[in-house]
Amino acid sequence: MSGIWSDTARRLKSSPLALAAAGFIVAVALVSIVGPLVDSNRFDTLDWSNIAVAPGAQHGHWLGTDRLGRDLFVRTLDGTRISLLIGLIATSVSLVVGVAYGAVAGFAGGNIDRWMMRVVEILSGLPLVFFVILLTVMFGRGVLLLLISIGSIGWLTMARIVRGQTLSIRRREFIEAAIAGGASSGRIIFKHVIPNVIGPVIVYATLTVPQMILFESFLSFLGLGIQEPHASLGTLIADGAAEMEAAPWILLTPGVLLAVLLLSFNIFGDCLRDALDTEER
Amino acid sequence: MGMRTIRYFLGRLGGAVPTLLAIITISFFLMRLAPGGPFDAEQSLPPDAMANLEAVYGLDQPLWIQYGRYLGALAHGDFGPSYRYRDVTVTELIGQGLPVSATIGAIAIAIALCVGVALGTLAALHQDSMIDYATMALAVAGVAIPSFVLLPFLGLVFAIHLHWLPVAGWEPGSAADLVLPVAVLCLPPLAYIARLTRASMIEVLRSPYIRTAFAKGMPLGTVILRHAMRPALVPVAGYLVPAVAAIMTGSLVVESISGLPGIGRYLVQGALNRDYTLVLGMVIVYSTFLIGMGLLVDLLYAWLDPRIRFQS
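Residues numbered from 1 in each chain as written. Chains lettered and ligands numbered in written order. Predicted model: local features only at pLDDT ≥ 70, side-chain atom pairs only at ≥ 80, totals over all residues.

J.: What exactly am I supposed to notice about the overall build of chain B here?
T.: On a plain count of helices and strands, chain B comes out with 12 helices and 0 strands. Structurally, chain B occupies a C-alpha span of about 85 × 60 × 30 Å along its principal axes. Classification of the 312 residues of chain B by burial places 37% in the buried group. Restricting the contact set of chain B to residue pairs at least 6 apart, pairs at least 24 apart contribute 72%. (Helix = DSSP H or I, 4+ residues; strand = E, 2+ residues; numbered from the N terminus. Buried ≥ 20, exposed ≤ 12 C-beta atoms within 10 Å, placed from the backbone. Contact = placed C-beta atoms within 7 Å.)

Set out below in structure tokens:
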């Protein structure tokens, strides 16, 4: 077990692309936490003497200000932190739900499996984005609802992957030994099945984070996610798109940051998959 | 089309109707479960005025009667009145918006399919060449760069700096208005289709019957089009429904930014205004369309891969 992980780590370290992507993500995360503490501006203070000024150091706003005179450096970092946090929490939610659901379906097999996967199939055929929008109309817009609705989309593929993996190890000797030893189904699922399907789960979780961030930004961009005065990368891009003729810098920073961040997560996930993939070697 | 295909299709159709009914039912009751009524925003109406308003919209009836009425009206294509746009019905709004959305959506999916399949095939034929790397880079970027970043950026470059294209707007018949929205809409599915086609084409090209075709001296174009294309397209057909869903999702952004008067913009506006009936109607339209797409894809599968017809 530890051999696989040290092998994977070694292979990841020898890939400059993976290192660059991971380095960028860590750096952005750190700066988004530390930056707002260090900078004297706050995300919601209005600087009336500097409305929509361009980036520069002379007026104390590194990345300029928006049309309300709010500092874009601090707002972008705050928004990045919120986007990253929501991405991580939503991924965790879909990870827990998806792994549990998939493992139970795959381990139970038979009719239980058929019905559980039928539910997944029907749900994945629906335009879930539109249901999430429907939910925001009915229950208002808040961070909690945002997390629930984003997480509720992410677990479907995870459940499928885990179920497939579980099916393939269900008949292996160590599971039979556990059954023969009198272990309960719950114990077998949590102690024997899940630890052995963790590789693909980690890969897919890495690839889920950018999806969740993207979806959060998408909803926030439309005005259905994070609400003023708080910012996420999506709301910052929406602000920027509205002012792009007069003040293109408002759009440029969060836009480039989001694109590179999503790219980094995707590249790192792909590299991780290649590094973990024992069959391709 | 043989009896088997028809029976297979009818079977799938029989499965789609309950799904759609379930969607409508769940959405309807979710809407009624929500805290607060649609008229909460009106500043403190006197109770009898509120009662009158609710009576006009039939909201004073028991829930199952409301549900029955909604279904009955829906069967006649009536999505009910919009709670915010007082003078128009949801059906009228959909009637205005659907042609716009359907036009840009259809163009985008057509471009994504043609260009995506062509790029993927070229990349598969010239593995590890420049075109292969370019296609793979496009595939990664197309999936990672969100439409709501790409569209403003392209607008900044092509409309504001170069003045080649209008920034936003919609005049019937003006193709220039559509270039940026369609380009942004088709990029993610195009990228993914190119990636899928490349992978499946590489596999198909390795199979014995393709080698036989080449050995007979058949020209490359004929081998690809007559023999390799159909099986290579099976995974692409499987991606069609997600592709349409991606274009629908993207159209919410694109229509909002470009000011195209499609149903995507109405959905976003309706959601921001908490216009219950409008959003419910839009969700039903989108779901119906997506389920219909799924049925079409089933037929397409049966054509692309004849083995599917003989399983039930």
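J.: Just checking my understanding: could you explain the overall build of chain A for this structure?
T.: For chain A, the helix and strand inventory stands at 11 helices and 0 strands. Reading chain A from its N terminus to its C terminus gives the helix and strand order α-α-α-α-α-α-α-α-α-α-α. C-alpha atoms of chain A, sized along the principal axes, occupy 75 × 50 × 30 Å. By the burial criterion, 44% of the 281 residues in chain A qualify as buried.

J.: How should helix α10 (residues 234-258) of chain B be read in this particular structure?
T.: Residue pairs spaced three or four apart in an α-helix point in one direction, given the helix's 3.6 residues per turn. All names here are of chain B. Along its 25 residues, α10 runs 34 Å from first to last C-alpha, staying within 8% of the 36 Å computed at 1.5 Å per residue. Taking the largest bend as the criterion, α10 deviates by roughly 40°, centred on Leu240, and proline Pro242 comes between one and four positions later. Burial of α10 is extensive: 19 of the 25 residues sit out of reach of the surface. Immediately downstream of α10, the backbone of Gly259 shows phi near 70°, a positive value. (Expected span 1.5 Å × (residues − 1). Bend = angle between axes of the 7 residues up to and from the residue.)

J.: Can you walk me through the nonpolar core in this structure?
T.: The nonpolar side chains of soluble globular proteins are, as a tendency, buried together. Formed by 148 residues in total, the largest nonpolar core has its most connected members in Ile133 and Ile237 of chain A together with Val279 of chain B. In this structure Val279 of chain B touches Ile133, Leu134 and Val137 of chain A together with Leu267, Gly270 and Ala271 of chain B, once residues within four positions along its chain are discounted. (Core = buried A, V, L, I, M, F, W, Y, C linked by C-beta atoms within 7 Å.)

J.: Is there a simple way to think about the packing of helix α4 (residues 90-125) of chain B against helix α5 (residues 130-144) of chain B in this case?
T.: The relative placement of two packed helices comes down to the angle between their axes together with the axis-to-axis distance. All names here are of chain B. Contact pair α4 / α5: the axes reach a minimum separation of 8 Å and the direction vectors enclose 135°. Between α4 and α5, the interaxial angle falls into the category oblique. Considering only the axes of α4 and α5, their crossing is left-handed. On the side of α4, the interface is formed by Leu119, Gly120, Leu122 and Ala123, while α5 contributes Ile131, Asp132 and Thr135. Taken together, the residues of the contact of α4 with α5 break down into 4 nonpolar, 2 polar and 1 charged. (Axes fitted to C-alpha atoms, helices over the stretch in contact; angles between N-to-C directions. Parallel < 35°, antiparallel > 145°, perpendicular 65-115°, else oblique. Left-handed = near helix turned anticlockwise from the far one by under 90°. Nonpolar A, V, L, I, M, F, W, Y, C, P; charged D, E, K, R; others polar.)

J.: Explain the interface of chain B and chain A to me, please; I cannot follow it from the model alone.
T.: Often, the extent of an interface is quoted as the loss of accessible area on bringing the components together. Counting residues at the interface gives 37 residues for chain B and 33 residues for chain A. Secondary-structure elements contributing two or more residues to the side of chain B that touches chain A are α1 (3-33), α5, α6 (147-161), α10, α11 (263-273) and α12 (276-304) of chain B. Here the side of chain B that touches chain A is composed, by residue class, of 29 nonpolar, 7 polar and 1 charged.

J.: Would you explain the packing of helix α7 (residues 176-205) of chain B against helix α9 (residues 220-232) of chain B in this entry?
T.: Residues and elements named next belong to chain B. Between α7 and α9, the least distance of the axes is 9 Å, while the angle of their chain directions is 125°. Judged by the inter-axis angle, α7 sits oblique to α9. Helix-helix and strand crossings are classified by hand; for α7 and α9 the assignment is right-handed. Across the interface between the two elements, Thr197, Ser200, Met201, Val204 and Leu205 of α7 pack against Ala228, Pro231 and Ala232 of α9. Class assignment of the residues belonging to the contact of α7 with α9 gives a composition of 6 nonpolar, 2 polar and no charged.

J.: Whenever I open this one, helix α9 (residues 198-221) of chain A confuses me. Can you help?
T.: Its 24 residues place the ends of α9 of chain A 34 Å apart at the C-alpha level, agreeing with the 34 Å of an ideal helix rising 1.5 Å per residue. Taken across its 24 residues, α9 of chain A has 18 buried, putting it largely inside the fold.

J.: Help me understand unusual backbone geometry, please; the structure alone is not making it clear to me.
T.: Generally, phi is negative for residues other than glycine and the peptide bonds are trans, each holding for most cases. The backbone of Asp128 of chain B sits at a positive phi, close to 60°, despite the residue not being glycine. Among the structural elements, Asp128 of chain B can be located in the loop between α4 and α5.

J.: So what exactly am I meant to see when it comes to the confidence of the model for chain B here?
T.: Reading predicted coordinates in detail is not appropriate for stretches of low pLDDT. Residue and element names in this part refer to chain B. Per-residue pLDDT for chain B has a mean of 82; in total, 91% of the residues score no lower than 70. No element of chain B has a lower mean pLDDT than helix α2 (residues 47-56), at 76, and none a higher one than α4, at 90. Overall fold confidence (pTM) sits at 0.82, and the ipTM for the predicted complex is 0.77. (pLDDT = per-residue confidence, 0-100.)

J.: How should I be thinking about the confidence of the model for chain A in this particular structure?
T.: Of the residues in chain A, 94% have a pLDDT of 70 or more, and the chain-wide mean is 81. In the model of chain A, helix α1 (residues 2-13) of chain A stands out as the element of lowest mean pLDDT, 74, in contrast to helix α3 (residues 72-108) of chain A, which has the highest, 88.

J.: In this structure, what is going on with the environment of Phe9 of chain B? I would like to understand it.
T.: Residue and element names in this part refer to chain B. Tracing the chain through its elements places Phe9 in helix α1. On the basis of neighbour count, Phe9 is assigned to the partly exposed category, with 17 C-beta atoms found within 10 Å. Taking the C-alpha atoms as reference, Phe9 lies 7.4 Å from Asp298; in sequence the two are 289 residues apart. Other than its neighbours up to four places away in sequence, Phe9 contacts Asp298 and Leu299.

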